[in-house]
Amino acid sequence: MEKEKYLIELRNLTKSFDGVKVVDSINLKIKENEFVTLLGPSGCGKTTTLRMIGGFEEPDEGEILFEGKLLNPVPPYKRNINTVFQRYALFPHMNVFENVAFGLRIKKLPKDEIVERVERMLKMMDLENFGKRHVDSLSGGQQQRVAIARALVNEPKVLLLDEPLGALDLKLRKEMQIELLDMQRRVGITFIYVTHDQEEALTMSDTVVVMNEGHIQQVGTPEDIYNEPTNRFVADFIGESNIIEAVMLEDKKVMFDNHVFDCVDTGFEPNEPVDVVIRPEDLKIVNNPEEGMIQGTVTSVVFKGVHYEMLVENEYREYMIHSTLMHPEGSQVGMNIQPFDIHVMKKEGYGS
Amino acid sequence: MKKLAVRIYMGLIFLFLYAPIIVLIIFSFNKSKSRGQWSGFTLDWYADLFKDRLITEALYYTIAIAILATVISTIVGTIAAIGIHYMRGFGKNMMLNINNIPVLNPDIVTGVALMTLFISAGMKLGFVTMLIAHVLFCIPYVILAVLPKLRQLNRHIAEAALDLGATPSYALRKIILPEIKQGIISGALMAFTMSIDDFVISFFTAGSEVSNLSIMIYSMARRGVKPTINALSTLMFLTVVILLFIINKKSGEGEELLL
Amino acid sequence: MRRMRLLAYPYSVWMAIFIVVPLILVLLYSFTEGDIRNLAALRFSTRSYERVLEPIYLKVIVNSFVLATISTLCCLVLGYPVAMIVSRANPKVRGMLLMFLIVPMWMNFLLRTYAWMSILSPNGFLNRLLELVGLPKLEIMPGKTAVLLGMIYNFLPFMILPIYTVLSKIDKQYLEAANDLGANKARTFFKIILPLSVPGVVSGITMVFLPAVSTFVISGLLGGGKTPLIGDLIEQQFMWEGNWHFGSSLSIILMVMILISMAIMSRIDRNGKQDENGRAKA
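The residue numbers shown here count from 1 along each chain, following its written sequence. Going through the entries in the order they are written, you letter the chains from A and number the ligands from 1. Local features in this predicted model are restricted to residues whose pLDDT is 70 or higher, and side-chain atom pairs enter the listing and the counts only when it is 80 or higher, whereas totals over whole chains, interfaces and linings include all residues. Hydrogens and water molecules were not included; the side-chain quantities draw on all heavy atoms of the structure.

A few words now on the overall build of chain B. A run of H or I in DSSP counts as a helix once it spans at least four residues, and a run of E counts as a strand once it spans at least two, with each numbered from the N terminus. For chain B, the count of helices and strands is 13 helices and zero strands. Listing the helices and strands of chain B from first to last along the sequence gives α-α-α-α-α-α-α-α-α-α-α-α-α. If you line up chain B on its principal axes, its C-alpha atoms span 75 × 60 × 30 Å. Per-residue burial over chain B gives 54% buried out of 259 residues. Within chain B, contacts between residues separated by at least 24 positions form 68% of all contacts whose residues are at least 6 apart in sequence. Only protein chains enter the accessibility calculation, which uses a 1.4 Å probe. A residue is then buried if its area is under 20% of the maximum for its type, exposed if over 50%, and partly exposed in between. Contacts are assigned to residue pairs with any non-hydrogen atoms lying within 4.5 Å of each other.

Have a look at this one:
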């Protein structure tokens, strides 16, 4: 087996606050130049994990390795890691230039080098003429860029970003997502990014780490996570989906709504109870209701811009469907599902 | 009609508030020593003021104590406030509650309690005991002024400094202190005025050999006050008023400072 | 940054020595008798508390309580309208008014009290004035009236300022909403402004009552020893009589009195708030 080199390794990392385990023995390996996102609802332990990597919280148990060396005893100011904080934490009594120069001044670099590097960084961030500006006078997006510049100017090996776009409005957030991604490619350093926004995570990351209640639920590429969620939580958290309790009759045969569906999943015990995920866009409405695998009545129609979001009710449950064609409320519809659009997941706590 | 009533009412209130001050000022120019009798204009009392050793000495003690108490309590109070800010739970509540005791306890109780401590510990009442007492009642005000500023501070700002390579002490000096400067200054101002103005606690902790202006005025008021005191209070009052007007004009936040 | 809490430790030692220990000493002396200079020889005794119950001392305590209460009420009655007027004034005038209310406080408290002596004394300013106009002399100093006047004078700003602070923060929209809903001025005042200003009134009352009940300067100077208050007794015991046991008991009783009144006030404050909420729901 090939031995890959990892930049950061977390081993059995655990942290409790007031007796509650916020991070519960997690293991994670992060490669160089990777864009890793820790994704999960608030309180899932993602920020605490990030803060332990940054050195702001001491782990109760477990190890953090950086380039193969133990990082635990190294204080934050000696780590070659920089952070972009939630709400930026710019120094309010310093102007933009001084904020960015802060780390370099501590390193006691020669004056002209400081000026040169800060100005190069400001230019890169489109902040060329902002050096003398007071940080309070900047817009949210500009403050955000100053915060990133202040961290990146120190040329860290790893940049930690704690919900850096949380305070921005939707449009700006989209723009900054693209900018950040572009920047990461250009400077070529490892980004560890924390967010609760699944769309943001899927758009930006090489690797997504889904966390809940202090545990890692799934690690994978955005495609993996979206298409092959390992459990109900991940499926539910990543985008809207229909999650259905079903029974796996045998390999490639799953039953729900009193109908046996073909699917592509194997490796279950006969009649094992499972969860099935079907994305709303994968439920296809057929022309003749009788020809559908499932029938139901449309109970609500909402226009969402690109598609219509419809709720279809049958005697077992309610399905959410995304379709570009509208079917009025009260109409009978039939739906088909392709075998590869049915994703079967093991029940939590069942089997391995 | 209503407006007139409001004006008259406010006029009467201000007359009530300023009557004694005006009387003091008028009698500082009165030739006669009598408190009620006007017998001609003089500036003698102002001239005497600076010759009177009792008064100059009391003035010296008042100012020396106020300056020392301000400096010490501002430094100690600021450091303590930062420490308390980073504490949690029971310990923090305990610290805050004990810190509030000198603020809420009647001065006379604080005064006699300190006096019993000093005497029981075999200390001689004097300059040092009075200074300790002043530092004691000034620190809580500094802490109460600095804590809100710390609370306003972005929680991550000190971490950001560490993250960028600052040692904890560098972060404290270059990031936290400049951010809470306003609180420290208003705490110091409060400490200074509390110290200058204090009578009760000084009275119990100063002993018989040292006295500040308040103690001197108290003992004189019982025996009969020399008109020089009128002159002194006029001067002190004018200084304060002029200072206040300057601060008010300059900063516009005079209201905040005063309150 | 957690380690920053270490910075509080020296101060906690300081507080233990200069805040906690002295209060414990006072408590100790209040429950003992014997030579105050020899802690080991102190004997448990409730004699000094029993002495507090003697009619002459009881009368002093009642007197302090009554005078402080009356002066607090006077301050409230006089001060509330002032706070209201100031809070309604236009911003420029408001700044000036506030400043003029505060400036007298910057004059030494003893000097101001002493100034009242010059005004109120039998041959003082006021009586000369009355004489000039041909009115009979007033003989209020030394006496209760003078003490009361001194208290009101010295502590009135402590009542006005907190009430003003609360009043000036009341959202004008409440008043507009009340008017919009058909409340007249009196109704708006009693149903909206007054309940909302309860916190200011409560802290005003505390800030006046506390120094008033414990003063010994005002009663000493303006009362001329005729109406001693609990503060005067404590001063006497510690400074002149040297009876720390009795002085300590009086101090403890003073503290308990204040604690009780503060507890009552904070209860009123809380009830006021609940009332507000209840009303908002209804």
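So that's the structure; there's more coming.
Turning our eyes to something else, we now look at the overall build of chain A. Helix and strand content of chain A: eight helices and 20 strands. In terms of its C-alpha atoms, chain A occupies a principal-axis envelope of roughly 80 × 45 × 40 Å. Buried positions account for 51% of the 352 residues belonging to chain A. Partitioning the intrachain contacts of chain A with sequence separation of at least 6 by distance along the chain shows that 65% fall at a separation of at least 24.

Pairing of aromatic rings covers Phe, Tyr and Trp, the last counted by its six-membered ring, and requires centre-to-centre distances within 6.5 Å; plane angles under 30 degrees mean stacked, over 60 mean edge-to-face, and any other angle means tilted. Taken as a whole and assessed by the stated rule, the structure comprises 37 aromatic pairs over all chains. Taking the centre distance of 5.3 Å and the plane angle of 15° together, the rings of Phe29(B) and Phe41(B) count as stacked. One end of the pair, Phe29(B), is in the loop between helix H1 (2-27) and helix H2 (44-49); the other, Phe41(B), is in the loop between H1 and H2, with twelve residues separating them in the sequence. Residue classification places Phe29(B) among the partly exposed positions, given a relative accessible area of 22%. Aromatic ring contacts, followed pair by pair, group Phe199(B), Phe203(B), Phe204(B), Tyr218(B) and Phe216(C) into a single cluster.

Across the boundary between the two partners, chain B contributes 80 residues, which contact 76 residues of chain C. Each reported salt bridge corresponds to a side-chain nitrogen of Lys or Arg within 4 Å of a carboxyl oxygen of Asp or Glu. Our count for the chain B to chain C interface comes out at zero salt bridges. N or O atoms within 3.5 Å of each other form a polar contact, as long as, within protein, one can give a hydrogen and the other can take it, and as long as residues adjacent in sequence are counted only when both atoms are side-chain atoms. Here chain B and chain C share seven residue pairs in polar contact (both at pLDDT 80 or more) between them. Broken down by element, the residue count for the side of chain B that touches chain C peaks at 14 residues, all from H1(B). Any residue that is not Ala, Val, Leu, Ile, Met, Phe, Trp, Tyr, Cys, Pro, Asp, Glu, Lys or Arg is counted as polar, Gly included; the first ten are nonpolar and the last four charged. The residue inventory of the side of chain B that touches chain C, partitioned by class, reads 64 nonpolar, twelve polar and four charged.

All right, on to empty space enclosed by the protein then. The definitions used throughout rest on a 1 Å grid laid over the protein atoms alone, on which a cavity is an enclosed set of points accommodating a 1.4 Å probe that cannot get out and a pocket is an open set flanked by protein within 12 Å on both sides along at least five of seven lines; lining residues are those having an atom within 4 Å of a point. Grid points are joined across faces, edges and corners, and a volume is the space filled by probe spheres set on the points. Enumeration according to the criterion identifies three cavities of 30 Å³ or more in this entry. Estimated volume of the second largest cavity: approximately 70 Å³. In terms of lining residues, the second largest cavity is bounded by Ile101(B), Pro102(B), Asn105(B), Val109(B), Thr110(B), Ala113(B), Leu136(B), Phe18(C), Ile19(C), Pro22(C) and Leu23(C). Secondary structure elements with two or more residues in the lining of the second largest cavity: helix H4 (89-104) and helix H5 (107-120) of chain B together with helix H1 (9-30) of chain C. The element contributing the most residues to the lining of the second largest cavity is H1(C), with four residues.

With that settled, consider the pairing of strand E1 (residues 8-17) of chain A. Along any regular strand, the residues point their side chains to alternate faces of the sheet. Residue and element names in this part refer to chain A. Relative to strand E2 (residues 20-30), E1 is paired through seven bridges, and the arrangement is antiparallel. Bridge pairing in E2 links Leu10 to Leu28. Two strands form a pair only when DSSP identifies at least two bridges running between them. Following E1, the chain reverses through two residues before pairing antiparallel with E2; Asp18 in that reversal takes a positive phi of roughly 50°.

What follows concerns a nonpolar patch on the surface. All names here are of chain B. Residues enter patches when their relative accessible area tops 30% and they take part in no salt bridge; the joining distance is 9 Å for like charges and 5 Å for the nonpolar side chains Val, Leu, Ile, Met, Phe, Trp and Tyr. Residue burial considers only the protein chains on display, and all accessible areas are found by Shrake-Rupley using a 1.4 Å probe. Side chains of Ile63, Ile67, Leu68, Val71, Ile72, Ile75, Val76, Ile79 and Phe192 sit close together on the surface and give an oily, nonpolar patch of about 680 Å² of accessible area. Per element, the largest residue contribution to the nonpolar patch is eight residues, and it comes from helix H3 (residues 53-85). Relative to the helices and strands, Ile79 resides in helix H3. Exposure remark for Ile79: the relative accessible area of 38% places this residue in the partly exposed category.

Further remarks concern the domain arrangement of chain A. Residues and elements named next belong to chain A. The split of the chain into domains comes from an automatic or database domain assignment. Under the domain assignment, chain A is made up of domain 1 (8-232) and domain 2 (240-346). Here the C-alpha centre of domain 2 lies 39 Å away from the C-alpha centre of domain 1. At the junction of the two partners, domain 1 supplies seven residues and domain 2 supplies nine residues. If you look at where domain 1 meets domain 2, you find one salt bridge. At the surface where domain 1 touches domain 2, the tally comes to five residue pairs in polar contact (both at pLDDT 80 or more). Class assignment for the residues of the side of domain 1 that touches domain 2 results in two nonpolar, three polar and two charged.

Further remarks concern a positive patch on the surface. Counting rule applied: Lys, Arg positive; Asp, Glu negative; His and chain ends not counted. Each charge is placed at NZ for Lys, CZ for Arg, CG for Asp and CD for Glu. Taken together, Lys2(B), Arg88(C), Lys172(C) and Lys185(C) make up a surface patch of like positive charges. Looking at where Arg88(C) falls in the secondary structure, it is placed in helix H3 (residues 55-88). The exposure class assigned to Arg88(C) is exposed, which follows from its relative accessible area of 52%.

With that out of the way, let us pick up the sheet that holds strand E12 (residues 253-256) of chain A. Hydrogen bonding along the main chain pairs the strands of a sheet, whether they run parallel or antiparallel. All names here are of chain A. Spatially, five strands are ordered E13-E12-E11-E14-E20 in an open sheet, and the strand pairing comes out antiparallel. Each having just a single partner strand, strand E13 (259-262) and strand E20 (343-346) make up the two edges of the open sheet. Looking at each pair of strands side by side, their axes are set apart by 45° on average, direction ignored. Where E12 meets E13, four bridges bridge the pair, whose relative direction is antiparallel. The residue of E13 that forms the bridge with Val254 is Phe261. Axis definition: a line fit to C-alpha positions, over the contact stretch in the case of helices; interaxial angles, taken between N-to-C directions, run 0 to 180 degrees.

This part covers the sheet that holds strand E19 (residues 332-336) of chain A. Residues and elements named next belong to chain A. The antiparallel open sheet is built from five strands, whose spatial order is E15-E19-E16-E17-E18. Each edge of the open sheet is held by one strand with a lone partner, namely strand E15 (284-286) and strand E18 (318-323). Adjacent strand axes in the sheet meet at a mean angle of 50° when their direction is disregarded. Two elements, strand E16 (residues 294-303) and E19, share four bridges in a ladder whose sense is antiparallel. Residue pairing across strands places Gln295 opposite Gly334, the latter belonging to E19.

As a further point, take H3(C). Take the number of residues in a helix, subtract one, and multiply by 1.5 Å to get its expected span. Along its 34 residues, H3(C) runs 49 Å from first to last C-alpha, staying within 8% of the 50 Å computed at 1.5 Å per residue. The angle between axes fitted to the seven-residue stretch ending at a residue and the seven-residue stretch beginning at it gives the bend at that residue. At Gly79(C), H3(C) shows its largest bend, some 30°, and a proline, Pro81(C), comes one to four positions later.

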